[in-house]
Amino acid sequence: MATDAFEEIAETFEFLDDWEDRYRHVIELGRAMEPLDEAFRVPATKVDGCASQVWLLPQIEGAGRGAEFHFRGESDAMIVRGLIAVLAALYNGLTVEEVLRVDAGGELARLGLNDHLSAQRSNGLRAMVERIRFLAGEAAAA
């Protein structure tokens, strides 16, 4: 299960043979994101387990399992900001129930990210996915 926005990223990656081109594309996705206001860069939105500073702000519309999930994010590292954009493409617009069913590892593997990220970046990416799943789980239970 993937959104149209994520499918578009996956298709672009198919055309980019060189990992350096893919890396640049991820950074460009991050640059295109609207910055997260300083007021939201607080301990409550900070993601633990990332080498870089990362903040994820949930924006959930509705209630219960059918609530629509969106989030915005920010990082002090350009590649991580790009990874946030990739995760936003993967999850934004799904219901919180659908978010919980997404096989993030499988979807991200389609992009080949696991093979080219450092162990620290991979751990940070996992921490962001876990935080997104936690936020969706909380919203689904509400």
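Above this text you will find the structure in question.
Draft legend 1. Here's a closer look at the side chain of Ser52. Here Ser52 lies in the loop between helix H2 (19–32) and strand E1 (54–61). Residues contacting Ser52, with those up to four places away along its chain left out, are Ser75, Asp76, Ala77, Val80 and Arg121.

Draft legend 2. A look at the nonpolar core. Phe69, Phe71, Leu87, Tyr91, Leu108, Leu111 and Met128 are the most contacted members of the largest nonpolar core, which totals 45 residues. Every element with two or more residues in this core is listed here: helix H1 (4–15), H2, E1, strand E2 (68–75), helix H3 (78–91), helix H4 (96–101), helix H5 (104–109) and helix H7 (119–141).

Draft legend 3. Highlighting H1. Compared with the 16 Å implied by 1.5 Å per residue over 12 residues, the 17 Å span of H1 between its first and last C-alpha is a close match. Listing the buried residues of H1 in full gives Phe6, Ile9, Ala10 and Phe13. Buried residues of H1 fall within an arc of 100° about the axis and therefore sit on the same side. Relative to its buried face, H1 has exposed residues pointing more than 90 degrees away, namely Asp4, Glu8, Glu14 and Phe15. If you follow the buried residues of H1, they end up packed against H2, H3, H5 and helix H6 (113–116).

Draft legend 4. Broad picture of the pattern of salt bridges. Within the structure shown, the criterion is met by nine salt bridges. Its salt-bridge partner being Glu97, residue Arg65 comes within 3.4 Å of it at the nearest N-O pair. Linking Arg65 in the loop between E1 and E2 with Glu97 in helix H4, this pair joins segments that are 32 residues apart in sequence. What makes Glu97 partly exposed here is its relative accessible area of 30%. Note that Glu74 is salt-bridged to Arg81, the shortest N-O span being 2.6 Å. Given a relative accessible area of 6%, Glu74 falls into the buried group.

Draft legend 5. Structural context of the environment of Glu98. Here Glu98 lies in helix H4. Judged by relative accessible area, Glu98 falls into the partly exposed class, the value being 25%. Separated by 33 residues in sequence, Glu98 and Arg65 have C-alpha atoms that sit 8.5 Å apart.

Draft legend 6. Geometry of H2. In this model, H2 (14 residues) spans 20 Å end to end at C-alpha, consistent with the 20 Å of a helix rising 1.5 Å per residue. Three or more residues of H2 are buried, namely Trp19, Arg22, Val26, Ile27 and Gly30. Each buried residue of H2 sits inside an arc of 140° when the element is viewed along its axis, so together they form one side. In this fold, the buried residues of H2 make contact with H1, H3 and H6.

What counts, and at which threshold
Residues numbered from 1 in each chain as written. Predicted model: local features only at pLDDT ≥ 70, side-chain atom pairs only at ≥ 80, totals over all residues. Heavy atoms only, no water. Helix = DSSP H or I, 4+ residues; strand = E, 2+ residues; numbered from the N terminus. Contact = heavy atoms within 4.5 Å. Core = buried A, V, L, I, M, F, W, Y, C linked by side-chain atoms within 4.5 Å. Buried < 20%, exposed > 50% of the residue type's maximum accessible area, 1.4 Å probe, protein only. Expected span 1.5 Å × (residues − 1). Arc of directions from axis to C-beta. Salt bridge = Lys/Arg side-chain N within 4 Å of Asp/Glu carboxyl O.

Read these as geometric descriptors, not functional statements.
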